[in-house]
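# Topology and contacts: notes
Single-letter residue listing:
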Amino acid sequence: MERVTKLASEKPIVIFSKSYCCMCHTIKTLFIEFGANPAVHELDEIPRGREIEQALLRLGCNPSVPAVFIGGELVGGANEVMSLHLRQSLIPKLRQVGALWV
């Protein structure tokens, strides 16, 4: 859990993902289209990825990926991110944490 917290705080947007997950790809693309530069951790490609995935499940991420942190705070998965976007709350939140400049 401590490792997840540390990684989640390294940049304004942190995404835990798997390289073959289509919803992960969609969420990463959404942030990139906004002009943000998220830190992405592909759990199937990094050492101790399975351990991190288990920690994400304990935090309540189900499914475990994508797991999005904004400003070090767990936002959730694809459904939560898209809900924020549809409520027009996502971009202001990204600006608030310094992930977007405009």
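Analysis parameters
- Residues numbered from 1 in each chain as written.
- Predicted model: local features only at pLDDT ≥ 70, side-chain atom pairs only at ≥ 80, totals over all residues.
- Heavy atoms only, no water.
- Helix = DSSP H or I, 4+ residues; strand = E, 2+ residues; numbered from the N terminus.
- Contact = heavy atoms within 4.5 Å.
- Pairing = 2+ DSSP bridges.
- Axes fitted to C-alpha atoms, helices over the stretch in contact; angles between N-to-C directions.

## Quick word on the environment of A39
Relative to the helices and strands, A39 resides in strand β2 (residues 39–42). When the C-alpha positions of A39 and I15 are compared, they lie 6.2 Å apart, and in sequence the two are 24 residues distant. Not counting chain neighbours up to four residues away, the residues in contact with A39 comprise E10, K11, I13, V14 and I15.

## Focus on the sheet that holds strand β4 (residues 73–76)
A sheet is described by the order of its strands in space; here 4 strands give the open sequence β2-β1-β3-β4, paired in mixed fashion. Every other strand in the sheet has two partners, leaving β2 and β4 as the edge strands with one partner each. This sheet shows a mean twist of 25° between the axes of neighbouring strands, independent of strand direction. Here 3 bridges tie strand β3 (residues 67–70) to β4, and the two strands are oriented antiparallel to one another. Residue pairing for β4: I70 is matched across the bridge by E73. Strand contacts of helix α2 (residues 22–34): β1 (13–17), β2 and β3, with the helix running at about 160° to β1, the strand carrying the most contacts.

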